[in-house]
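Structural overview
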Amino acid sequence: VNGLKVIILCGGKGNRLKPLTEKIPKPLIKINKKPILFYIVSYFIKYGINDFIFCTGYKSSLIEKYVEKSFKNINYDFINSGDVDIIKRVFDVRESIKDQFILCYGDTIADVDLIKLFNFHNSHLGFATITTYQLISQFGIVMNDNLNLVTSFGEKPKLDNWINIGYFFMDYEVFELIPQYSTFIEFINGLIQLKYLYSYRHDGLHITVNTFTELEIANGQIESYKEKLRK
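Residues numbered from 1 in each chain as written. Predicted model: local features only at pLDDT ≥ 70, side-chain atom pairs only at ≥ 80, totals over all residues. Heavy atoms only, no water.

What about the overall build of the protein chain?
- When helices and strands are counted, the protein chain shows eight helices and 14 strands.
- C-alpha atoms of the protein chain, sized along the principal axes, occupy 60 × 45 × 35 Å.
- A buried classification covers 45% of the 231 residues belonging to the protein chain.
- By sequence separation, contacts in the protein chain at least 24 residues apart represent 74% of the contacts at least 6 residues apart.
- As displayed, the protein chain has an accessible area near 12300 Å², and 51% of this comes from carbon and sulfur atoms.
- When the 27 basic and 25 acidic side-chain charges of the protein chain are each reduced to a single mean position, those positions are 7 Å apart. (Helix = DSSP H or I, 4+ residues; strand = E, 2+ residues; numbered from the N terminus. Buried < 20%, exposed > 50% of the residue type's maximum accessible area, 1.4 Å probe, protein only. Contact = heavy atoms within 4.5 Å. Areas by Shrake-Rupley, 256 points an atom, 1.4 Å probe, with all protein chains shown as cover. Lys, Arg positive; Asp, Glu negative; His and termini not counted. Charge placed at Lys NZ, Arg CZ, Asp CG, Glu CD.)

Next comes the structure, spelled out in structure tokens:
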């Protein structure tokens, strides 16, 4: 995976984490004293990946200052697209990309096996791979029979659904398709219709921070992730 570029989406406003995000952008919110962005970038560095593009918007200058101060041994660019949909942020990096690349969310940490992701992506004919994670219910699930007799109860069970956690692996060819779509969701659905999108299932650690509840959970989960960074 050496030589790959990683695009990290850092432009959103993080409205669900106000008032925290009134002062700082979401990727700089701290989990156990370190910003989310620290964990994401450090994980890629562990794999020998040193080329990053930070797609910024909201409070871009704070992200720029943080990266410049904290990561001395990486190559990076900032592309500030302002207040736009993700699809515009991705399209704006096209001149900096020559080959395959990884696309990540700036609020999602996962110990995705990048070698396996790379090999899986290059084993199929699609232009893109989406990394997915099995959904765990936040609630206890009750199953009944047709007389409403309870037949089972599962406390926060894993469901039969898989969610998008980012860590997209994409070929340069996607930039030829993007102008046909006005939103990132339309683009993903377009890839699906064209049979260009495959799914890589991740079953390791997944930490995302969209709400205060998730932030609290993240503080409990991050120790095992830090162990991965030390190895």
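This is not the end of the story, as more comes after the structure.
Considerations on the environment of Ile178
- Residue position: Ile178 is located in the loop between helix H6 (174–177) and helix H7 (184–193).
- Taking the C-alpha atoms as reference points, Ile178 and Ser199, separated by 21 residues in sequence, lie 19 Å from one another.
- For Ile178, the residues in contact, after removing those within four places along its chain, are Ile87, Val90, Phe91 and Phe187.

Observations concerning the packing of aromatic side chains
- The tally for this structure, following the rule as stated, stands at 19 aromatic pairs.
- An angle of 15° between the planes, with centres 6.1 Å apart, marks the rings of Phe52 and Phe54 as stacked.
- A residue is classified by how much of its surface remains accessible, and Phe52, at 1% relative accessible area, is buried.
- Measuring from ring centre to ring centre gives 5.9 Å for Phe184 and Phe187, while their planes differ by 40°; the resulting arrangement is tilted. In this pair, Phe184 and Phe187 both sit in helix H7, three residues apart, roughly one turn of the helix. Comparing Phe184 with Phe187 shows no difference in burial state: the two are buried.
- Ring pairing ties together the aromatic residues Phe44, Phe52, Phe54, Tyr76, Phe78 and Tyr167, which thus form one cluster.
- Across from the ring centre of Phe38, 4.7 Å away, lies the NZ or CZ of Lys34, which sits over that ring.
- The ring of Phe91 carries Arg94 above its face, with NZ or CZ at 3.9 Å from the centroid. (Phe/Tyr/Trp six-rings, centres within 6.5 Å; stacked < 30°, edge-to-face > 60°. Lys NZ or Arg CZ within 6 Å of the ring centre and 35° of its normal.)

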